[in-house]
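Observations on chain architecture
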Amino acid sequence: MREIKNVVCPFCGTLCDDVVVIVDNEGHIIGTRNACRIGHAKFMHFEGAVRWREPLMRENKKDDFKKVDIDTAIEETARILVEADLPLIYGFSATECHAHVYGIELAELVRGVVSNTAEVCHGPSVWALQDVGYPICTLGEVKNRADVIIYWGSNPMHAHPRHMSRYSVFARGFFRERGREDRTLIVVDPRETDTAKLADVHLQVEPHKDYELISAMRAVLKGFELQVDKVAGVPVDLIYEAVEICKNAQFGCLFFGMGVTQSGSKHRNIDNAICLVIDLNAYTKFTLIPMRGHYNVNGFNQVCTWVTGFPLCVDFSRGYPRFNPGDTSVTDLLMRKEADAMLNIASDPGAHFPQKAVERMAEIPLICIDPHDTPTAELANIIIPPAIAGVEAEGTAYRMDGIPIQLKKVIDPPEGVLPDREILKRIISKVKEFL
Ligand code: SF4
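One structure accompanies this document, and this report is about it. The model shown is predicted, which means the values in this text are computed figures rather than measured ones.

1. Comments concerning the sheet that holds strand β2 (residues 19-23)
Spatial strand order, β1-β2-β3: three strands in an open sheet with antiparallel pairing. The strands lining the two open edges of the sheet, one partner per strand, are β1 (2-7) and β3 (29-33). Here the average twist between neighbouring strands, direction ignored, is 25°. Running over the sheet, helix α1 (residues 37-44) touches β1, β2 and β3 and is turned about 160° from β3.

2. What to know about the pairing of strand β9 (residues 184-188)
A regular strand places its side chains so that they alternate between the two faces of the sheet. Counting buried positions over the five residues of β9 gives four, a clear majority of the element. Sheet analysis places strand β8 (residues 148-152) next to β9, joined by five bridges and oriented parallel. Considered in β9, the bridge of Ile-149 is made with Leu-185. The pairing of β9 with strand β10 (residues 201-203) spans three bridges and is parallel. From the neighbouring strand, Ile-186 faces β10, where its bridge partner is Val-201.

3. Quick look at the layout of surface pockets
Of the pockets and cavities examined, the largest pocket occupies roughly 1100 Å³. Together, 41 residues line the largest pocket, and Phe-11, Ala-94, His-294, Ser-347 and His-352 are the ones closest to its centre. Among the residues making up the lining of the largest pocket, the classes are represented as 23 nonpolar, 14 polar and four charged.

4. A look at the pairing of β8
Within β8, five of the five residues are buried, leaving the element largely enclosed by the surrounding structure. Judged by which residues are buried, β8 turns out to be covered on both faces: Val-148, Ile-150 and Trp-152 on one side and Ile-149 and Tyr-151 on the other are all buried.

5. What to know about the sheet that holds strand β13 (residues 251-256)
Overall, parallel pairing links the five strands, which are arranged β10-β9-β8-β13-β14 in an open sheet. Bordering the open sheet on either side are β10 and β14 (285-290), each of which pairs with just one other strand. Across the sheet, the mean angle from the axis of one strand to that of its neighbour is 15°, orientation sign disregarded.

6. Things to note about the packing of helix α3 (residues 97-109) against helix α17 (residues 420-434)
At a closest axis distance of 8 Å, the pairing of α3 and α17 adopts a crossing angle of 20°. Classified by the angle between their axes, α3 and α17 sit roughly parallel to one another. Judged by the twist between their axes, the crossing of α3 over α17 is left-handed. Together, His-98, Ala-99, Tyr-102, Gly-103, Glu-105, Leu-106 and Leu-109 of α3 and Asp-420, Arg-421, Leu-424, Lys-425, Ile-427, Ile-428, Val-431 and Lys-432 of α17 make up the contact between the two elements. Per-class residue counts for the contact of α3 with α17 are eight nonpolar, two polar and five charged.

7. What to know about the site of the ligand
Surrounding the ligand, one finds Cys-9, Phe-11, Cys-12, Leu-15, Cys-16, Ala-35, Cys-36, Ile-38, Gly-39, Pro-161 and Arg-162. Of the pockets mapped on this structure, the ligand occupies the largest cavity. Here the residues of the shell around the ligand sort into nine nonpolar, one polar and one charged.

8. Focus: empty space enclosed by the protein
Regions of empty space are outlined by a rolling probe, equal in size to a water molecule, passed over the atoms. In the structure shown here, the tally under the stated rule is two cavities of 30 Å³ or more. Forming the walls of the largest cavity are 14 residues, and the residues nearest its centre are Cys-9, Cys-12, Cys-16, Cys-36 and Arg-162. Class assignment of the residues belonging to the lining of the largest cavity gives a composition of nine nonpolar, four polar and one charged. In this structure, the second largest cavity spans a volume of roughly 30 Å³. As for the second largest cavity, its lining consists of Trp-152, Leu-254, Phe-256, Val-260, Asn-269, Ile-270 and Ala-273. When contributions to the lining of the second largest cavity are tallied by element, the ones reaching two or more residues are β13 and α11 (267-280). A per-element tally of the lining of the second largest cavity places α11 first, with three residues. A class-by-class count of the residues in the lining of the second largest cavity yields six nonpolar, one polar and no charged.

Scoring rules and cut-offs
- Residues numbered from 1 in each chain as written.
- Predicted model: local features only at pLDDT ≥ 70, side-chain atom pairs only at ≥ 80, totals over all residues.
- Heavy atoms only, no water.
- Pairing = 2+ DSSP bridges.
- Helix = DSSP H or I, 4+ residues; strand = E, 2+ residues; numbered from the N terminus.
- Axes fitted to C-alpha atoms, helices over the stretch in contact; angles between N-to-C directions.
- Contact = heavy atoms within 4.5 Å.
- Buried < 20%, exposed > 50% of the residue type's maximum accessible area, 1.4 Å probe, protein only.
- 1 Å grid on protein atoms, 1.4 Å probe; cavity = no way out; pocket = protein on both sides within 12 Å on 5 of 7 lines; lining within 4 Å.
- Points joined across faces, edges and corners; volume = space filled by probe spheres on them.
- Nonpolar A, V, L, I, M, F, W, Y, C, P; charged D, E, K, R; others polar.
- Parallel < 35°, antiparallel > 145°, perpendicular 65-115°, else oblique.
- Left-handed = near helix turned anticlockwise from the far one by under 90°.
- Near = heavy atom within 4 Å.
- Sits in = over half its atoms within 2 Å of the grid points.

As far as function goes, none of this settles anything; it's purely spatial.
Dropping the structure here:
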């Protein structure tokens, strides 16, 4: 038995790097320390209910899968992508950055569209920051300095379980030695979530009315008087109180999640929230950080920006990168039936895309690079199982605040199973033969 220390958890955007993984003499993970329940489950269930060990293929989606060797699966994948008019290469948020690089190269070669799961997550935050700016800081700065924390439309108690203890509300930092006692917590959520139960101030906004509430806070901050009793369901007294807390902060941080990116007004909510943070900087130091979901969703946007100039939704069909979400987004290309083949890697759009997009995925040739049986794999023609990044393969991942952290390999993958990057490299060389 051995203990591997300082392992990085490949689950959520908190990217905890203090996990201890316990491995028995046969090379199986038998336990973890420090990880939360979901992080622990990722390490313990690396074999999963159904863990693919060999590539599978079928021509007709109604047939059963047949086992094939990796060369056959790669050759057929390359053929599908080369023959398609507009292939989509999508996913990437649960794998490491070298796989991102090869995925983007592949999309350019086959003149397809490459994108990641941010489309159905923090994509609207990206559109907003391109418009009005990105006053961000690192989680270390929050830990050491922040005396006011806002969670807006996010519920870290469930989605990022160690976020509050490692970096924000409960963490003891250099200038915040008393941890929780040194910090004020404001939660904005229509529901009384487990995070809201911990708040000093809970602004129980009505669903889809965040834009109004942010606008009211900006108005109060600028000295206007609210001539109503409530805005977006929140009593104005509470709005004045929240603004006063923010204004008097020494260092504040606004964390925001799906409650604002995926509700009415979408990226305009984030525009407005960024402007609120910018306005607050006239009085104090205030920052914001998006609660990025998958552990390396941020990494793809970083890599894609270095390589193409754009963070996601990049269309190579004209031979050069174009970016126009709504037009070049994978969900829209599927719903408009423009895409005619798809390679999905390290994500599960079959479970998380809108119904119409999933219906199109069922109609077109679909390749799924995923270790486990998922709703996407159920729709696939080809399944290629990879080594699990951060457990069976090393690589780089970017935390929600843009800090790169090196993932560790703690055990060997099943025999013959390659990391994502190697699979993509082999598809690229086959594609080059066909072109
Ligand atoms: S908070 Fe996130 S990164 Fe940390 S252990 Fe839990 S799932 Fe893993």
